[in-house]
Amino acid sequence: MASQQQPGAATAQAGVHQTAVLQQPQQPQLSQQQDFDPVHRFKMLIPQLKESLQNVMSIASLNFAHNTAIDNGIKSNDATVQRFDKSLEEFYALCDQLELCLRLAHECLSQSIDSAKHSPNLVPTATKPDTVQTESLSYSQYLSMIKSQISCAKDIHNALLECSKKIAGKGQQQGIL
């Protein structure tokens, strides 16, 4: 009978393994998308922060009770208590992660605003003729805008090169004197 159960178990395990293999490509893609979204990460960290804060408060309460018992002579110092500093460090680490998520979200928002400001109108695509916007740019207008942006980037690049040459020239002159 043991030999009869093993093939069935192997078939069941193979079915579970095939199901897991089919689900794995979908899970990482969704997880990777959500990991890059700072707002989603922020929302996921909030429950952890609440739990960490509750942990800090409960450990502080236990430590106060333990220290009070020692001060009153009820207990000796032999009992082990949880370390408050470790739980507080975990709480601060979560706060730092939340701060980084908020800063990243703010940067994304400011880049989006800058993008809308410097290129407010879209170019209509040939794949969606029914959704042509009245405010969209023609292709030639889009090209001229891109050319002006490239020109501006080249001007900035040249100004930085000139500045670096001047700085390098002054450094060599000071080395000679």
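Residues numbered from 1 in each chain as written. Predicted model: local features only at pLDDT ≥ 70, side-chain atom pairs only at ≥ 80, totals over all residues. Heavy atoms only, no water.

An unreviewed UniProt entry annotates the chain as Mediator of RNA polymerase II transcription subunit 29 of Chanos chanos. Looking at the Sequence similarities (unreviewed entry) heading of the UniProt record, one finds this comment for the chain: "Belongs to the Mediator complex subunit 29 family." In the Subcellular location (unreviewed entry) part of its UniProt record, the chain is described as follows: "Nucleus". (UniProt positions renumbered as here; feature names shortened; annotations may be inferred.)

Enquirer: What's the story with the overall build of the chain in this structure? I'm lost.
Expert: Each helix and strand in the chain was counted, giving five helices and zero strands. Tracing the chain from N to C terminus, the helices and strands come up as α-α-α-α-α. Relative to its full complement of 177 residues, the chain shows a buried share of 10%. Counted over contacts in the chain with a minimum sequence separation of 6, partners at least 24 positions apart contribute 55%. When the accessible surface of the chain is summed, it comes to about 14,900 Å², and 58% of that surface belongs to carbon and sulfur atoms. (Helix = DSSP H or I, 4+ residues; strand = E, 2+ residues; numbered from the N terminus. Buried < 20%, exposed > 50% of the residue type's maximum accessible area, 1.4 Å probe, protein only. Contact = heavy atoms within 4.5 Å. Areas by Shrake-Rupley, 256 points an atom, 1.4 Å probe, with all protein chains shown as cover.)

Enquirer: What should I look at first to understand the nonpolar core in this one?
Expert: A general feature of soluble globular proteins is that nonpolar side chains tend to end up buried together. Listed in full, the seven residues of the largest apolar core are L45, L49, V56, F91, L94, L98 and C101. Residue assignment for this core shows that the elements contributing at least two residues are α3 (38-71) and α4 (84-118). Broken down by element, this core gets its largest block of residues, four residues, from α4. Ignoring any residue separated from it by four or fewer positions in sequence, one finds L98 in contact with F42, L45, I46 and L49. (Core = buried A, V, L, I, M, F, W, Y, C linked by side-chain atoms within 4.5 Å.)

Enquirer: What should I look at first to understand a nonpolar patch on the surface in this one?
Expert: A cluster of nonpolar side chains, Y139, Y142 and L143, forms an exposed patch at the surface whose accessible area comes to about 290 Å². Relative to the elements of secondary structure, Y142 occurs in helix α5 (residues 139-176). (Patch = residues over 30% accessible without salt bridge, like charges linked within 9 Å, V, L, I, M, F, W, Y side chains within 5 Å. Salt bridge = Lys/Arg side-chain N within 4 Å of Asp/Glu carboxyl O.)

Enquirer: Help me understand α3, please; the structure alone is not making it clear to me.
Expert: In an α-helix, one turn spans 3.6 residues; hence positions three or four apart end up facing the same way. In this model, α3 (34 residues) spans 47 Å end to end at C-alpha, consistent with the 50 Å of a helix rising 1.5 Å per residue. Its maximal kink placed at L45, α3 deviates by approximately 25 degrees, while the proline P47 follows within four residues. Looking at α3, one finds that the buried residues are P38, L45, L49, S52, V56, I59, A60, N63, H66 and A69. Of the residues one or two after α3, G73 is the one with positive phi, at around 80 degrees. (Expected span 1.5 Å × (residues − 1). Bend = angle between axes of the 7 residues up to and from the residue.)

Enquirer: Would you mind going over the pattern of salt bridges with me for this structure?
Expert: It is possible for side chains bearing opposite charge to pair when their charged atoms get close. Overall, the coordinates contain two salt bridges when judged by the stated rule. When the shortest N-O distance is used, the salt bridge between R83 and D85 registers 2.6 Å. The partner of R103 in a salt bridge is E99, with the nearest N and O atoms 2.7 Å apart. Linking R103 with E99, this pair stays in helix α4, spanning four residues, or about one helical turn. On the accessibility criterion, R103 (53% relative accessible area) is exposed. Accessibility expressed as a relative area gives 36% for E99, which makes it partly exposed.

Enquirer: Hey, could you run me through α4 in this one?
Expert: With 35 residues, α4 should cover 51 Å at 1.5 Å per step; its first-to-last C-alpha distance of 51 Å lies within 8% of that length. All of the buried residues in α4 are S87, F91, L94, L98 and C101. In this structure, the buried side of α4 is in contact with α3.

Enquirer: Sorry if this is basic, but what is going on with the packing of aromatic side chains here?
Expert: Each pair of aromatic rings is reported with the distance of its centres and the angle of its planes. Applying the stated criterion to the full structure yields one aromatic pair. Pairing F91 with Y92 gives two aromatic rings, centres 6.0 Å apart and planes at 50 degrees, and the pair type is tilted. Taking the relative accessible area as the measure of exposure, F91 reaches 16% and is therefore buried. (Phe/Tyr/Trp six-rings, centres within 6.5 Å; stacked < 30°, edge-to-face > 60°.)

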